[in-house]
Amino acid sequence: MSKIQEVKAKVEIGKTKLVPGLVQEALDEGNAPGEILQAMVDSMSVVGEKFSSGEIFVPEMLIAAKAMAKGVDVLRPLLAGDTSASLGTCIIGTVAGDLHDIGKNLVSMMIESAGFTIVDLGVDVPAERFVEAIKENENVTLVACSGLLTTTMPALKEAVQTIKASGLDVKVIVGGAPVTPEYAAEIGADGFAPDAGSAAVKAKEMVA
Ligand code: B12
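Model, not experiment: these values are computed from the prediction. (Residues numbered from 1 in each chain as written. Predicted model: local features only at pLDDT ≥ 70, side-chain atom pairs only at ≥ 80, totals over all residues. Heavy atoms only, no water.)

Caption draft 1: Structural view of unusual backbone geometry. Despite not being glycine, D124 has its phi angle at roughly 55°, a positive value. Locating D124 in the fold gives a position in the loop between β2 (117-120) and α6 (127-136). Note on D124: relative accessible area 40%, which makes it partly exposed. One non-glycine residue with positive phi stands out, namely N139, at about 50°. (Helix = DSSP H or I, 4+ residues; strand = E, 2+ residues; numbered from the N terminus. Buried < 20%, exposed > 50% of the residue type's maximum accessible area, 1.4 Å probe, protein only.)

Caption draft 2: Focus on the sheet that holds strand β5 (residues 191-192). Taken together, the 5 strands give an open sheet; going across it, the order is β2-β1-β3-β4-β5, and neighbouring strands pair in parallel fashion. Both edges of this open sheet fall to β2 and β5, since each of them pairs with a single strand only. The sheet strands contacting helix α5 (residues 102-113) are β1 (89-94), β2 and β3 (140-146), and the helix crosses β1 at an angle near 170°. (Pairing = 2+ DSSP bridges. Contact = heavy atoms within 4.5 Å. Axes fitted to C-alpha atoms, helices over the stretch in contact; angles between N-to-C directions.)

Caption draft 3: Summary view of the side chain of N31. Within the secondary structure, N31 sits in the loop between α2 (19-28) and α3 (33-52). Among the polar contacts listed, one links the side chain of N31 to the backbone oxygen of A26, at a separation of 2.7 Å. Sequence-distant contacts of N31, that is, excluding residues within four places in its chain, are made with I4, A26 and I36. (Polar contact = N/O pair within 3.5 Å; in protein donor to acceptor, adjacent residues only side chain to side chain.)

Caption draft 4: Representation of the site of the ligand in the model. Neighbouring the ligand are 35 residues; S52, L99, H100, D101 and S146 lie closest to it. Between the ligand and G97, the relevant distance is 2.9 Å, taken from a nitrogen atom to a main-chain nitrogen or oxygen of the residue. Within the side chain of D101, a nitrogen or oxygen atom sits 2.7 Å from a nitrogen atom of the ligand. Residue assignment for the shell around the ligand shows that the elements contributing at least two residues are α3, α4 (58-80), α5, β3, β4 (171-175) and α9 (196-207). The element that contributes the greatest number of residues to the shell around the ligand is α3, accounting for 6 residues. (Near = heavy atom within 4 Å.)

As structure tokens, then:
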């Protein structure tokens, strides 16, 4: 089994202590950080499928997520890149009722590397909290809202509409597995991206 396959397999079964070392070994073997990250993202799809089919339950899903987070910690310095440019502050959070943060954290890392200062509000963020954070922080140019559950898509809509109704001059980007470009447009978001890499590109374009 290649090191990358080993990383994927161990993330799937939530081997939190083993994953960081395996990620390092995969890097030492010359694998690209992006490729290792993709293997871990693929693990999460497998975990999701196993959860859907009743093969595993929430605790297993949670430890797999923790293992992935540990692996991402090893990759972070390699993926984050240049943070010298300043495109202003980006407020980021996962919307109310939603506790998923792996995707949000990757988006945060890539947007930071595109040249934004990040203020991360965490998960389960009420709509009004996004507005407060825009007011509390200097030079906020972008708000990024993540939603992973079909049941929290209305919360995503509420977040966007509350930010827009505040009249504050910021752009709003949304994303997360159930979000489509059509839904993003329908709820009044200024932008959408399907993954962390394109989120960084889109974020730059949006504030240019
Ligand atoms: C790990 C996980 C959990 C963990 C989360 C831990 C954590 N710290 O995040 C735990 C165990 C807590 C969890 C709980 C639940 N989960 Co869950 N979970 C997952 C799982 C397996 C992986 C998610 C993940 O991290 N993916 C990897 C990341 C990298 O991908 P991503 O999040 O999609 O993010 C990328 C893009 O979407 C995008 N993106 C994300 N955010 C943003 C934001 C912006 C601005 C932009 C531009 C882009 C963007 O870029 C990211 C990076 O490329 C998914 C399965 C799956 N296939 O997604 C289920 C899944 C999302 N969960 C699901 C469910 C049902 C639940 C629970 C309701 C289960 C339960 N019965 O309790 C609870 C809900 C808890 C809550 N209130 O949030 C369902 C959702 C079904 C649906 N249609 O809504 C899924 C799809 C599993 C399934 N197949 O059924 N879960």
